[in-house]
Amino acid sequence: MKAILYHGQKDVRLEEIPVPSVGPTQVKVKIAWCGICGSDLHVYEHSPTTPPTATEPHPVTGEKLPVGLGHEFSGTIVELGAAVDQSKYAVGQNVAVEPLKPCYKPDCVACCSPKTRNLCPHLALVGFSGGGGGLAEYIVVDHRMAHVLPPHVSLEVGALIEPLAVAWRAIKKAKVKTGDNVLILGAGPIGIFVLKVAQHFGASWVGISGRGSKRCALARNYGASAVYDVSTAETDVVAETLKATNGRGADVVVDCAGVQSTLDIALKATRPGGTIMNVAGWTKSPTIDLNLMLFKELVLDNSLAYSGEHPEVIQAVAEGKFKDLESLVTRRVALEDFVDKGLGALLHEKDKHVKVLIHP
């Protein structure tokens with residue numbers, strides 16, 4: 001079968017590899033669509049600093065580079081392992097895959113609960129750590145990670161469940177409720193998904209900051225109450241947020257950017273007693289004004305990916321709680337064109353895109 005393999009920094013190749021064999025507790029999935037994530041871009045542009053590397057295998061998968069890429073994907077079950085419950089799974093079902101591969105060791109505190117598997121210290125991720133990837137024709141995954149899609153939910157939307165689950169966990173952990181004011185820092189793809197989920201949870205005002213007129217226009221098109229373009233020096237996100245909330249400040253600020261300036265904004269734009277929710281990975285450790293946090297009694301929380309949110313998200317999508325999700329797909333590309341038209345689009349035209357999907 002055809003698959004995209006990651007060999008190292010700026011070295012991804014379309015190769016012919018064997019179709020994987022299904023294990024007793026696995027399902028084999030024919031992949032329909034796979035989204036490109038910002039973390040895929042980061043991996044492409046940088047050399048790996050943690051396993052798997054060319055010389056060190058990942059502790060869970062046992063694989064070294066090269067490994068398959070792609071973790072936001074959907075597809076159709078084509079084969080069941082011998083021990084898979086046939087009352088729950090069947091050949092022909094469409095599924096969205098939760099790509100977590102925790103260690104499941106009995107002494108792993110994180111793995112003891114389905115709600116904290118994402119915190120496993122040895123966590124592997126399909127599409128990064130071995131075990132295949134979504135940028136391929138087929139994959140085998142643990143049946144627990146294959147979430148059945150209702151018949152009326154398309155496979156394209158199925159490939160959006162993963163980033164929606166990231167946003168869902170963040171907004172749910174932040175306890176966003178009806179009438180809340182929410183400020184999102186970062187108008188990239190995850191910021192747009194957080195916008196959608198915050199609206200679903202009842203936020204009455206959702207502001208979002210971004211860099212560049214095209215990206216800000218996308219946020220505005222997707223229903224943001226206010227959009228702040230921080231590429232212009234005169235934009236004061238804190239002042240504008242206070243103005244929009246009658247001097248109160250945002251109940252919740254979600255940082256999707258992960259830079260010093262957004263943390264500084266969050267500390268000042270959050271109302272006293274409010275919550276800052278970080279979903280960003282940071283390349284540099286920030287400094288934090290703890291006195292400001294103290295005197296405002298701010299809560300700084302974090303949300304890492306997801307762990308068990310997929311069923312809730314799929315149910316909400318099936319019930320029509322998210323309208324016109326297909327509009328978030330801004331380009332569809334064949335597997336053969338992954339590098340030039342997929343990665344290339346997001347590296348050189350990122351302001352034009354929310355989600356690029358790849359079809360094997």
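Above this note sits the structure.
The shown structure was predicted, so the numbers you read here are calculated from the model rather than taken from an experiment. (Residues numbered from 1 in each chain as written. Predicted model: local features only at pLDDT ≥ 70, side-chain atom pairs only at ≥ 80, totals over all residues. Heavy atoms only, no water.)

Secondary structure assignment for the protein yields 10 helices and 18 strands. Its C-alpha atoms give the protein a radius of gyration of 20 Å, near enough to 21 Å, the size a compact globule of 360 residues would have. In terms of overall dimensions, the protein has a C-alpha envelope of 60 × 40 × 40 Å along the principal axes. For the protein, the residues scored as buried account for 52% of the 360 residues in total. At a minimum sequence separation of 6, the contacts of the protein that also span at least 24 residues come to 70%. Carbon and sulfur atoms form 53% of the exposed surface of the protein, whose accessible area is close to 15,800 Å². Seen as two clouds, the 36 positive and the 37 negative side-chain charges of the protein have centres 3 Å apart. (Helix = DSSP H or I, 4+ residues; strand = E, 2+ residues; numbered from the N terminus. Rg over C-alpha atoms; globule rule 2.2 N^0.38 Å. Buried < 20%, exposed > 50% of the residue type's maximum accessible area, 1.4 Å probe, protein only. Contact = heavy atoms within 4.5 Å. Areas by Shrake-Rupley, 256 points an atom, 1.4 Å probe, with all protein chains shown as cover. Lys, Arg positive; Asp, Glu negative; His and termini not counted. Charge placed at Lys NZ, Arg CZ, Asp CG, Glu CD.)

Our focus in this paragraph is the sheet that holds strand E12 (residues 205–210). The parallel open sheet is built from six strands, whose spatial order is E13-E12-E11-E14-E15-E16. Strands with a single pairing partner mark the edges of an open sheet, and in this sheet they are strand E13 (226–229) and strand E16 (299–302). Within this sheet the neighbouring strands show an average axis-to-axis angle of 20°, counted without direction. With four bridges connecting them, strand E15 (residues 270–278) and E16 associate as parallel partners. (Pairing = 2+ DSSP bridges. Axes fitted to C-alpha atoms, helices over the stretch in contact; angles between N-to-C directions.)

To continue, consider the pairing of strand E2 (residues 11–16). Taken residue by residue, a regular strand's side chains alternate between the two faces of the sheet. Two elements, strand E1 (residues 2–8) and E2, share six bridges in a ladder whose sense is antiparallel. Counterpart to Lys 2 in the pairing with E2 is Glu 16. In this antiparallel pair of consecutive strands, E1 and E2, the connection spans two residues, and Lys 10 shows a positive phi of 55°.

For the coordinates displayed, the defined rule picks out two aromatic pairs. Centroid distance Trp 168 to Phe 201: 5.0 Å. Interplanar angle 70°. Geometry classified as edge-to-face. Of this pair, Trp 168 sits in helix H3 (residues 161–173) while Phe 201 sits in the loop between helix H4 (189–200) and E12, and the two are 33 residues apart along the sequence. Among the aromatic residues, those joined into a ring-pair cluster are Trp 168, Phe 201 and Phe 322. (Phe/Tyr/Trp six-rings, centres within 6.5 Å; stacked < 30°, edge-to-face > 60°.)

Turning our eyes to something else, we now look at the layout of surface pockets. To find the voids left in a structure, one rolls a probe of water-molecule size over its atoms. Computed from the structure, the second largest pocket encloses a volume of approximately 260 Å³. What lines the second largest pocket is a set of 22 residues, among which Ile 17, Pro 20, Gly 131, Gly 132 and Gly 133 lie closest to the centre. Where the lining of the second largest pocket is concerned, the elements lending two or more residues are E1, strand E4 (67–68) and strand E9 (138–142). For the lining of the second largest pocket, the per-class residue count stands at 15 nonpolar, five polar and two charged. (1 Å grid on protein atoms, 1.4 Å probe; cavity = no way out; pocket = protein on both sides within 12 Å on 5 of 7 lines; lining within 4 Å. Points joined across faces, edges and corners; volume = space filled by probe spheres on them. Nonpolar A, V, L, I, M, F, W, Y, C, P; charged D, E, K, R; others polar.)

Glancing now at a nonpolar patch on the surface. On the surface, a nonpolar cluster with roughly 260 Å² of combined accessible area is contributed by Ile 288, Leu 290 and Leu 300. Looking at where Leu 300 falls in the secondary structure, it is placed in strand E16. (Patch = residues over 30% accessible without salt bridge, like charges linked within 9 Å, V, L, I, M, F, W, Y side chains within 5 Å. Salt bridge = Lys/Arg side-chain N within 4 Å of Asp/Glu carboxyl O.)

What follows covers helix H5 (residues 213–221). Buried residues of H5: Arg 215, Cys 216, Leu 218 and Ala 219, and no others. An end-on view of H5 places all buried positions within 155° of arc, on one side of the element. Structural note: H5 exposes Ser 213 and Asn 221 on the side pointing more than 90 degrees away from its buried face. Check the buried side of H5 and you find it contacts H4, E12 and E13. Positioned one or two residues after H5, Gly 223 has a phi angle of 100°, which is positive. (Arc of directions from axis to C-beta.)

Burial of strand E11 (residues 181–185) is extensive: five of the five residues sit out of reach of the surface. The two faces of E11 match: Asn 181, Leu 183 and Leu 185 on one face and Val 182 and Ile 184 on the other face are all buried. Two elements, E11 and E12, share five bridges in a ladder whose sense is parallel. Of the residues in E12, the one forming a bridge with Val 182 is Val 206. Handedness of the crossover joining E11 and E12 through H4: right-handed. Here four bridges tie E11 to strand E14 (residues 250–255), and the two strands are oriented parallel to one another. Considered in E14, the bridge of Val 182 is made with Val 252. (Right-handed = clockwise from strand over helix to strand, strands pointing away.)

Our next topic: the environment of Gly 308. Position of Gly 308 among the secondary structure elements: in the loop between E16 and helix H9 (310–318). On the basis of relative accessible area, Gly 308 is assigned to the buried category, the value being 18%. Considered as a pair, Gly 308 and Ser 113 are 195 residues apart in the sequence and their alpha carbons are 9.8 Å apart. Ignoring sequence-local partners within four residues, the contact set of Gly 308 consists of Glu 98, Pro 114, Lys 115 and Arg 117.

Packed helices, taken two at a time, are described by their axes: the angle between them and the distance between them. Where helix H6 (residues 237–244) contacts helix H7 (residues 260–269), the two axes come as close as 9 Å, and the packing angle between them is 30°. It follows from the interaxial angle that H6 and H7 lie roughly parallel. Considering how the two elements wind past one another, H6 and H7 form a crossing that is right-handed. Packed against H6, whose contacting residues are Val 237, Val 238 and Thr 241, the element H7 presents Ile 265, Lys 268 and Ala 269 at the interface. Of the residues belonging to the contact of H6 with H7, the class tally is four nonpolar, one polar and one charged. (Parallel < 35°, antiparallel > 145°, perpendicular 65-115°, else oblique. Left-handed = near helix turned anticlockwise from the far one by under 90°.)

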